[in-house]
Number of protein chains: 2
Amino acid sequence: MDYKKLPKEQLLALLAEEQKSFKKLQKEGISVDMTRGRPCKEQLDLSVGLLDTLKNSDFKSSGVDVRNYGCPEGIKEIRELFAELLGVRAEEVFAQDNSSLSLMYDLVQFAKQFGIMGSTPWNKLPAVKFVCPAPGYDRHFSICEALGIEMITVPMLEDGPDMNLVETIVKNDPAVKGIWCVPKYSNPTGITYSDSVVERLATMETAAPDFRIFYDNAYFIHVLKDTDDKLKNIFDVARKAGTLDRIYMFASTSKITFAGAGIACVAASENNIAELKKRFFFKTIGPNKVNQLAHAIYLKDKNNVLKLMKKHADILRPKFDLVDRMLAEDFAGDEFVRWSKPNGGYFISLDVKSCAKRIVELANAANVKFTNAGATFPYRIDDHDMNIRIAPSVPSLQELEFAMKVLISAIKQARMELVLKKSFAHTFE
Amino acid sequence: MDYKKLPKEQLLALLAEEQKSFKKLQKEGISVDMTRGRPCKEQLDLSVGLLDTLKNSDFKSSGVDVRNYGCPEGIKEIRELFAELLGVRAEEVFAQDNSSLSLMYDLVQFAKQFGIMGSTPWNKLPAVKFVCPAPGYDRHFSICEALGIEMITVPMLEDGPDMNLVETIVKNDPAVKGIWCVPKYSNPTGITYSDSVVERLATMETAAPDFRIFYDNAYFIHVLKDTDDKLKNIFDVARKAGTLDRIYMFASTSKITFAGAGIACVAASENNIAELKKRFFFKTIGPNKVNQLAHAIYLKDKNNVLKLMKKHADILRPKFDLVDRMLAEDFAGDEFVRWSKPNGGYFISLDVKSCAKRIVELANAANVKFTNAGATFPYRIDDHDMNIRIAPSVPSLQELEFAMKVLISAIKQARMELVLKKSFAHTFE
């Protein structure tokens, strides 16, 4: 609805009415946390079988007792499984513990401390910059902030980052050392990179010889609908183009088995893996191989993982559908409220221009928590104050329905307030 | 035996005889790996019950589902358990995944990148030095090498590092930022720090305000004999002296449950823990809390852990006894061959002056592998080429007996060769 077309009195009355129903919602005493893309209990229960897999096991992997020290690159079985899942070679997989974020952090920190394959340690350079397609994943941007890496915001389009811009930046500035990517079911916009974007990423000219694509393939197999987006295999393209060394691909079972107790890996060229092994030798006595073996046995192969992911989808889909349906009921065709309809991943991305902060604030007042507005942008600066990340996975359908009522009311109020502020500024001074 | 007292011909005949029996050993086709302090299969089997602990669990810790994200400082139950075991407060425990080495590396890397509590990042200083009591743990020294930290070797005495030397170094040079300690059943010499050493460490004057004791309490509960060495609680001393911030204490269940799949922690002042939480926020989505909960349930409390450690001791003691007995049979009273008789830990430390490299080389030729001679010293420089670390935990008693025959023969040969070289240099030119 275009509130600007309403007379002031009518708008004030409408706002008062909305505030009244909002107060009622506030009194329901329900609180819903939608801040992070967490799996819900029912999803976690899908993988309880993990704990039984080693019951009659001899704990052996390639002759090594997985309960003991050693094997810093991860056990053969789990490297092979990730290789099959990601379309890479087993020798290109370096499998660790539960947190792919931890691997990303470590790899950036290694580059800062030691450089990459003989390059100058990034700590010794006057500036290091990363290209940050936005909206994007806040924890990627946090790593840059923690490690003093300058972020260059690039718009996220329908088929990936604005590659014209990316190519220009990366080609002309040797201080640009990396780019963050979530290529499939992107966090938060839910889009998947087109073939052309993948090809351009793999083949673009980079001024920095130690440029790396931090390719966070977090949702590589996380389809929700009947149609699965197809992501071109960047390893295939890069292998052909001779640019394989520029890719660090990350993946994990966080949203396949247990979010906090899965297996994460980095897939990369054998050159990169050789360097990582050298670096990690000093840093650890090896990953938790008991958990790796349990995962390898439980997940078995790609076909079996696909079956498990279907069960996840069956739990998640009604939640995504509910969000979409409720938004549509109030805002279908509304030019001021837009939201994504992803085929997979964990988020619905909502855009309401100049209102995001206020909407999150209002929802918060009714105990419905979203990630802070702006969090999906570098330095938390959303120029248009418009993006809100909806993570519908954790709440039950009942809770979600409540949360959406709150959100929808908050959207309406924020927009009315905005129109009143702009059109009738004097009444608010 | 003092081979120098024998006539040359007799010595040559004795050596030839020894070489002959050594050749026989070589032909037995047994190989034994004693390079690392690993638990053996029987020890690992003690904790298989770990895998059943969560069977009927609700996976909850303080209301949090341990299978999900969150709780970067570790779950309450495991922090409380470590607190009880180490004699610190639960709020002073930061519990992570399986590798205490990884925590040590991360903490040094954090200091290099960010400084500690507002100090200049160590990366920005012209030099950073650590005091390294030696012989010591090779992986501590590796971290220094990897991160470009200069090592100052200080002799390890019967009751800990030479504190007169340590105090002088630490007081006068602000570039000295740390010291590596294994305070109980020290790796490799097996000694335990005296009360006086602990007190002096906690209270000594340090030129660097961000000086840290990297107190690797790896064998805090790992007694083998009836007598358990008593280590004074450094937290108590430092708390009283107001120097608590200078201690990072590390511990793990690596040699309590599974070496590669246990829980490691750092215990430190609440100031330190607050900083660590801040640093780790950027680095991880949290540790594997499923494994933490399993450990908390399985290990239960100190009393129960002590019972488990008794079972470990019952497996390990005969191996330590065998090493001691066989060395004594050949070298009791021999002024040229000395070895430790530790009450706990994982190592017997053997000293044979000017012969360590040759002994390890000879043993290796008979497929009995020891950690490289020199590995227990910074930069792998053992000035006297004398220290060999014996790790008797992994081999069976039969394998160990074989390995000791090889070692003993290697000692004799190396010493005879040395005497021949020195006394009759011309015959070897």
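Thresholds applied
Residues numbered from 1 in each chain as written. Chains lettered and ligands numbered in written order. Predicted model: local features only at pLDDT ≥ 70, side-chain atom pairs only at ≥ 80, totals over all residues. Helix = DSSP H or I, 4+ residues; strand = E, 2+ residues; numbered from the N terminus. Buried ≥ 20, exposed ≤ 12 C-beta atoms within 10 Å, placed from the backbone. Contact = placed C-beta atoms within 7 Å. Least-squares fit on C-alpha atoms with pLDDT ≥ 70 in both. Pairing = 2+ DSSP bridges. Axes fitted to C-alpha atoms, helices over the stretch in contact; angles between N-to-C directions. Parallel < 35°, antiparallel > 145°, perpendicular 65-115°, else oblique. Left-handed = near helix turned anticlockwise from the far one by under 90°. Nonpolar A, V, L, I, M, F, W, Y, C, P; charged D, E, K, R; others polar. Domains from an automatic or database assignment. Right-handed = clockwise from strand over helix to strand, strands pointing away. Bend = angle between axes of the 7 residues up to and from the residue. Core = buried A, V, L, I, M, F, W, Y, C linked by C-beta atoms within 7 Å. Arc of directions from axis to C-beta.

1. A short note on the overall build of chain A
- Helices and strands together make up the secondary structure of chain A, namely 13 helices and 15 strands.
- Counting all 429 residues of chain A, 52% fall into the buried class.
- Partitioning the intrachain contacts of chain A with sequence separation of at least 6 by distance along the chain shows that 77% fall at a separation of at least 24.

2. Looking at the relation of the copies chain A and chain B
- The transformation that overlays chain A on chain B combines an axial shift of 0.0 Å with a rotation of 180°, and the residual RMSD is 0.0 Å. Classification of the inter-copy transformation places it as that of a two-fold axis. Nearest to the rotation axis, the C-alpha of Leu51 of chain A is located 3.3 Å from it, this being the minimum over chain A.
- Residue by residue, 100% of the interface of chain A is reproduced at the interface of chain B, so both copies engage with the same surface.

3. Here's the deal with the sheet that holds strand β10 (residues 247-252) of chain A
Residues and elements named next belong to chain A.
- Pairing in this open sheet of eight strands is mixed, and the strands run β4-β11-β10-β9-β8-β5-β6-β7 from one edge to the other. Of all strands in the sheet, those with a lone pairing partner are β4 (93-95) and β7 (160-161), marking the two edges.
- With four bridges joining them, strand β8 (residues 176-181) and strand β9 (residues 212-216) adopt parallel strand pairing. Bridging across to β9, Cys181 finds its partner in Tyr215.
- The sheet strands contacting helix α3 (residues 76-86) are β4, β10 and β11 (264-267), and the helix crosses β4 at an angle near 125°.

4. Observations regarding the interface of chain A and chain B
- Taken together, the 39 residues of chain A in the interface contact 39 residues of chain B.
- Mapped onto the side of chain A that touches chain B, the elements with two or more residues apiece are α2 (41-45), α4 (100-114), α5 (138-146) and α10 (289-299) of chain A.
- Element by element, the count of residues in the side of chain A that touches chain B is highest for α4 of chain A, at six residues.

5. Some words on the packing of α4 of chain A against helix α4 (residues 100-114) of chain B
- Running from amino to carboxyl end, α4 of chain A crosses α4 of chain B at an angle of 60°, the nearest separation of the two axes being 12 Å. Our classification of the angle between α4 of chain A and α4 of chain B gives oblique. α4 of chain B is crossed by α4 of chain A, and the crossing has left-handed handedness. Facing α4 of chain A, whose interface residues are Gln109, Lys112 and Gln113 of chain A, α4 of chain B presents Gln109, Lys112 and Gln113 of chain B.
- Residue composition of the contact of α4 of chain A with α4 of chain B, grouped by class: no nonpolar, four polar and two charged.

6. As for the sheet that holds strand β15 (residues 387-390) of chain A
Residues and elements named next belong to chain A.
- Spatial ordering of the open sheet is given by β12-β13-β15, a layout of three strands whose pairing is antiparallel. The sheet is open, and its two borders are formed by β12 (337-339) and β15, each paired with just one other strand. The mean angle between the axes of side-by-side strands here comes to 20°, regardless of whether they run parallel or antiparallel.
- Inspection of the sheet shows β12 paired to strand β13 (residues 348-352) by three bridges, in the antiparallel sense. Pairing of Val337 across the sheet is with Val352, part of β13.
- Sitting on the sheet, helix α12 (residues 356-365) touches β13 and β15, and the angle it makes with β15 is about 40°.

7. Re the domain arrangement of chain A
Residues and elements named next belong to chain A.
- Per the domain assignment, the segments of chain A are domain 1 (3-30 + 306-424) and domain 2 (49-304).
- Using C-alpha coordinates to define each centre, domain 1 is positioned 32 Å away from domain 2.
- Each side of the interface is counted separately: domain 1 has 25 residues, and domain 2 has 27 residues.
- At the level of elements, α11 (302-331), β13 and β15 are the ones that each hand at least two residues to the side of domain 1 that touches domain 2.
- No other element matches α11, which puts eight residues into the side of domain 1 that touches domain 2.
- Across the side of domain 1 that touches domain 2, the residue classes tally to 14 nonpolar, eight polar and three charged.

8. So, the pairing of strand β6 (residues 150-157) of chain B
Residues and elements named next belong to chain B.
- By the bridge criterion, six bridges tie strand β5 (residues 129-134) to β6 in an arrangement that is parallel. The partner of Cys132 across the bridge, within β6, is Thr153.
- Viewed along the sheet, the connection from β5 through helix α5 (residues 138-146) into β6 turns out right-handed.
- For β6 and strand β7 (residues 160-161), the ladder comprises two bridges, and the chain directions are antiparallel. Opposite Leu157, over in β7, you have Gly160 as the bridge partner.
- Between the antiparallel neighbours β6 and β7 lie two residues.

9. Considerations on the packing of helix α7 (residues 195-203) of chain A against helix α8 (residues 234-241) of chain A
Residue and element names in this part refer to chain A.
- Closest axis-to-axis distance for the α7/α8 pair is 9 Å, and the angle between their directions is 40°. When the interaxial angle is binned, α7 and α8 end up oblique. As α7 runs across α8, the sense of the crossing is right-handed. On the side of α7, the interface is formed by Val198, Glu199, Leu201, Ala202 and Thr203, while α8 contributes Ile234, Val237, Ala238 and Ala241.
- Across the contact of α7 with α8, the residue classes break down as seven nonpolar, one polar and one charged.

10. Description of helix α11 (residues 302-331) of chain B
Residue and element names in this part refer to chain B.
- Of all the bends in α11, the greatest reaches close to 35° and is centred on Leu316; the proline Pro318 follows between one and four positions later.
- Within α11 the residues assigned to the buried category are Leu308, His312, Leu316, Lys319, Phe320, Val323 and Leu327.
- Looking at the residues trailing α11, positive phi occurs at Gly333, about 80°.

11. Thoughts on the nonpolar core
- Residues Ile359 of chain A together with Ile359 of chain B are the most contacted members of the largest nonpolar core, which totals 266 residues.
- In this structure Ile359 of chain A touches Val352, Ile388, Ala410, Ile411 and Ala414 of chain A, once residues within four positions along its chain are discounted.

12. Some details on α7 of chain A
Residues and elements named next belong to chain A.
- Among the residues of α7, those classed as buried are Val197, Val198, Leu201 and Ala202. Here the buried residues of α7 occupy an arc of 130° about the axis, which is enough to place them on one side.
- Taken together, the buried residues of α7 touch β7, α6 (163-172), β9 and α8.

13. Notes on the environment of Met117 of chain B
All names here are of chain B.
- Looking at the secondary structure, you find Met117 in the loop between α4 and β5.
- The class of Met117 is partly exposed, set by 13 C-beta atoms lying within 10 Å.
- Residues within four places of Met117 in sequence aside, it is in contact with Asp210, Asn271 and Glu275.

14. Re the pairing of β8 of chain A
Residue and element names in this part refer to chain A.
- Across the six residues that make up β8, a large majority, six, are buried.
- Bridge count for strand β5 (residues 129-134) against β8 is three bridges, and the pairing is parallel. Residue pairing across strands places Lys129 opposite Val176, the latter belonging to β8.
- Regarding the hand of the β-α-β motif, the stretch spanning β8, α7 and β9 is right-handed.

15. Brief notes about the environment of Ala251 of chain A
Residues and elements named next belong to chain A.
- Within the secondary structure, Ala251 sits in strand β10.
- Residues Ala251 and Asn367, spaced 116 residues apart in sequence, show a C-alpha to C-alpha distance of 33 Å.
- Among residues more than four places away in sequence, those in contact with Ala251 are Phe82, Leu86, Ser100, Asn217, Phe220, Cys265 and Ala267.

16. Looking at the environment of Val128 of chain A
Residue and element names in this part refer to chain A.
- Mapped onto the secondary structure, Val128 falls in the loop between α4 and β5.
- When the 21 C-beta atoms within 10 Å are taken as the criterion, Val128 is described as buried.
- Separated by 20 residues in the primary sequence, Val128 and Gly148 place their C-alpha atoms 8.0 Å from one another.

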